[in-house]
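Close look at the chain arrangement
Chain residues, written in single-letter form:
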Amino acid sequence: MTGTPRPALRTALAYHQAWASHDLDQAMRYIADDIICDAPPGRLEGAEAYRAFMGPFVQILTAAKLIAAFGDETTALIMYDTETAPVKSAPGAEYVTVKDGKITYSRFIFDRVPFEAARKGSS
């Protein structure tokens, strides 16, 4: 990546850095009150539902590595790999729409298979 990131990418990277650093309060500063998030568990509506979704994940997160990030004026895509207490590698990606420095929409994709395998292994 060269030059200054475009506005949506700047917001997506700041948001990612915040939650990857275990600072959910800071990450939520980049989330619009009326965010819509389509994630594997289903559609989430509003910042409160989004915080409830991200909170437990941030608590078990031990590391996050950014793989790629692309964006323009209004949209961005970030891909990363995370390490959590139960799972060594859990890749994910987020496609976001940004307006006025806030994420208004997120299409959140992550691999649930490692988590399901970890749950089965601990049963």
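Structure's up top.
Quick look at the structure, then. It should be emphasised that the depicted structure is a prediction, and the values quoted were computed from it without experimental measurement. (Residues numbered from 1 in each chain as written. Predicted model: local features only at pLDDT ≥ 70, side-chain atom pairs only at ≥ 80, totals over all residues. Heavy atoms only, no water.)

1. Side note on the overall build of the chain
The secondary structure content of the chain amounts to 4 helices and 6 strands. Helices (α) and strands (β) of the chain occur, in sequence order from the N terminus, as α-α-β-β-α-β-β-β-β-α. Residue pairs at least 24 apart in sequence account for 50% of intrachain contacts in the chain once pairs closer than 6 positions are excluded. Total accessible area on the chain is roughly 7,000 Å²; 54% of this is exposed by carbon and sulfur atoms. Averaging the locations of the 13 positively and 15 negatively charged side chains of the chain gives two centres separated by 3 Å. (Helix = DSSP H or I, 4+ residues; strand = E, 2+ residues; numbered from the N terminus. Contact = heavy atoms within 4.5 Å. Areas by Shrake-Rupley, 256 points an atom, 1.4 Å probe, with all protein chains shown as cover. Lys, Arg positive; Asp, Glu negative; His and termini not counted. Charge placed at Lys NZ, Arg CZ, Asp CG, Glu CD.)

2. Topic: the packing of aromatic side chains
For the structure on display, the rule yields 6 aromatic pairs. Taking the centre distance of 5.2 Å and the plane angle of 85° together, the rings of Phe-53 and Phe-108 count as edge-to-face. Highlighted residues: Phe-53 in helix H3 (residues 47-60) and Phe-108 in strand E6 (residues 102-110), separated in sequence by 55 residues. There is no split in this pair, since Phe-53 and Phe-108 are both buried. Plain terms: the ring middles of Phe-108 and Phe-110 are 5.8 Å apart, the flat faces sit at 80° to each other, and that makes the pair edge-to-face. (Phe/Tyr/Trp six-rings, centres within 6.5 Å; stacked < 30°, edge-to-face > 60°. Buried < 20%, exposed > 50% of the residue type's maximum accessible area, 1.4 Å probe, protein only.)

By themselves, these are just geometric observations and shouldn't be taken as functional.
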